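Next come the chains, spelled out residue by residue.
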Amino acid sequence: MHDQIRRNLIKGLVCVGSGALSMPTISATPKGLSSKATVATPLKGDIKHSVSRWTYGDLSIEDLCKTVKQLGFGAIDLVGPEDWPTLKRCGIDSSMCNGAEIGLEDGFIHVEHHDVLEQRYLKHIDLVADAGYSNLICFSGNARGMDRETGLNNATAGLQRILPYAEKRGVVIFMELFNSKIDHPDYMADNSAWGIALCNRLGSKHFSLLYDIYHMQINEGDIIRTIRNHHQYFGHYHTAGVPGRHEIDASQELNYPAIAAAIKHTGFNGYLAQEFIPTPQTQNDRIESLRQAIHICDV
């Protein structure tokens, strides 16, 4: 169900903000924020933190912005143009923009979608650049019987139609890597090697990979070695616990402090975005889960 929620949000289903935030700092506790998190412990500043919008879809975009500010970081992932004015009013960065894609399954490996994708992405590149942002997500799409080499050829041809304009406008196109074992059966870009091959064929500083740690743990493992050896291809990271895509604490198998340290040691200056699905039922505890995750990764 959580993947359907994300699909809907990526297609534009978003919560509408509840009002304007005019003060640069927040003195009152945002709706749903745990009292334990009302005074944020200062972050070290070596990792740029974010949170994926869809995982806290129970909060309005306004309240999520307030929560992010209160917890001491400054960005939200997977936000479209309709919510950028709220982010700007709150002083929050849109760390990964969305809204140009057709969907998760119909992506750049499908030549029949290239005309529509080109039209949508060229328009969205302007929107992103004009808003002062730089990161825009894209997807490979599902294979549907297509072999990987054909997928690489098709994705290269499709992305080459938009990358010169992305470079001109200072926008980076990110393709997200998903697992095809559990959450996204048949997704083409389901391993780092395929994504890296695509990067090498394109040869553009304005194309990068969104390395989703949760997804890649399921499909290939060897997370830290992969990050150390291939970090130059990974411009953005997502987190979640394995198994289950929930909290990144000791209840799951990934060692996120070590992973975050490996990312930091590469000299990474992009965003590490929390994309776990919080398990607590109450808003206070769900936000406390986010606070804990940020501090787990704040190495």
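Our structure's up above, just so we're on the same page.
Residues numbered from 1 in each chain as written. Predicted model: local features only at pLDDT ≥ 70, side-chain atom pairs only at ≥ 80, totals over all residues. Heavy atoms only, no water.

Caption draft 1: Geometry of the packing of aromatic side chains. Scanning all chains against the criterion turns up 8 aromatic pairs. Relative to F268, the ring of Y237 lies with its centre 4.9 Å away and its plane at 80 degrees, an arrangement referred to as edge-to-face. Taken together, the residues span a long stretch of sequence, with Y237 in strand β7 (residues 234-239) and F268 in the loop between α10 (256-265) and β8 (271-274) at a distance of 31 residues. A relative accessible area of 0% means that Y237 is categorised as buried. By relative accessible area, which is 16% here, F268 ends up buried. Among the aromatic residues, those joined into a cluster by ring pairs are Y211, F234, Y237 and F268. One cation-aromatic arrangement involves K88 over Y133; the distance from NZ or CZ to the ring centre is 4.6 Å. Note that R286 overlies the ring of Y56, its terminal NZ or CZ placed 5.5 Å from the centroid. (Phe/Tyr/Trp six-rings, centres within 6.5 Å; stacked < 30°, edge-to-face > 60°. Helix = DSSP H or I, 4+ residues; strand = E, 2+ residues; numbered from the N terminus. Buried < 20%, exposed > 50% of the residue type's maximum accessible area, 1.4 Å probe, protein only. Lys NZ or Arg CZ within 6 Å of the ring centre and 35° of its normal.)

Caption draft 2: Structural view of the pairing of β7. By the criterion of burial, β7 is predominantly enclosed, with 5 of the 6 residues buried. Two strands pair when backbone bridges link them, and strand β6 (residues 207-212) and β7 are joined in this way by 4 bridges, in the parallel orientation. Across the sheet, residue Y211 finds its bridge partner in β7, namely Y237. Sheet topology note: the β7/β8 ladder contains 4 bridges and is parallel. Directly across from Y237, in β8, lies its bridge partner L272. Once you follow β7 into α10 and on to β8, the crossover reads as right-handed. (Pairing = 2+ DSSP bridges. Right-handed = clockwise from strand over helix to strand, strands pointing away.)

Caption draft 3: Up close: the pairing of β6. Counting buried positions along β6 gives 6 out of 6 residues, so the element sits mostly inside the fold. The side-chain alternation of β6 yields two buried faces, one formed by F207, L209 and Y211 and the other by S208, L210 and D212. Two elements, strand β5 (residues 172-176) and β6, share 4 bridges in a ladder whose sense is parallel. Looking at the pairing, E176 lines up with L210 of β6.

Caption draft 4: Seen up close, unusual backbone geometry. Cis rather than trans, the peptide bond between V242 and P243 has omega equal to 0 degrees. Considering the arrangement of structural elements, one finds P243 in the loop between β7 and α10. With phi around 60 degrees, L78 is a residue other than glycine that occupies positive phi space. Here L78 lies in strand β2 (residues 75-79). Judged by its relative accessible area of 7%, L78 falls in the buried class.

Caption draft 5: Just the environment of C297, in detail. By secondary structure assignment, the location of C297 is in the segment after α11 (283-296). When its relative accessible area of 0% is taken as the criterion, C297 is described as buried. Distance from C297 to I259, taken between C-alpha atoms, is 8.2 Å for residues 38 residues apart in sequence.

Caption draft 6: Just helix α7 (residues 192-202), in detail. What α7 keeps buried is the set S192, W194, G195, I196, L198, C199 and L202. Among the residues of α7, the N-terminal cap falls to N191, whose side-chain oxygen and the backbone nitrogen of A193 are separated by 3.2 Å. (Polar contact = N/O pair within 3.5 Å; in protein donor to acceptor, adjacent residues only side chain to side chain.)

Caption draft 7: Main features of the packing of helix α5 (residues 148-159) against α7. Packing of α5 against α7 leaves a shortest axis separation of 10 Å and a crossing angle of 45 degrees. With respect to α7, the axis of α5 lies oblique. Both α5 and α7 take part in a crossing whose hand is right-handed. Counting all contacts with α5, which are made through R148, E149, G151, L152, N153, A155, T156 and L159, the residues of α7 involved are W194, A197, L198, R201 and L202. Per-class residue counts for the contact of α5 with α7 are 7 nonpolar, 3 polar and 3 charged. (Axes fitted to C-alpha atoms, helices over the stretch in contact; angles between N-to-C directions. Parallel < 35°, antiparallel > 145°, perpendicular 65-115°, else oblique. Left-handed = near helix turned anticlockwise from the far one by under 90°. Contact = heavy atoms within 4.5 Å. Nonpolar A, V, L, I, M, F, W, Y, C, P; charged D, E, K, R; others polar.)

Caption draft 8: How the structure looks around the side chain of E62. Mapped onto the secondary structure, E62 falls in helix α2 (residues 61-71). Under the relative-accessibility criterion, E62 is labelled buried at 0%.

Caption draft 9: Local environment of the nonpolar core. The biggest cluster of nonpolar side chains holds 89 residues, and the ones touching the most others in it are L159, I173, M175, F207 and I213. Those residues in contact with I213 that lie beyond four places of it in its chain are I223, Y237, H238, L254, Y256, I259, I263 and L272. (Core = buried A, V, L, I, M, F, W, Y, C linked by side-chain atoms within 4.5 Å.)

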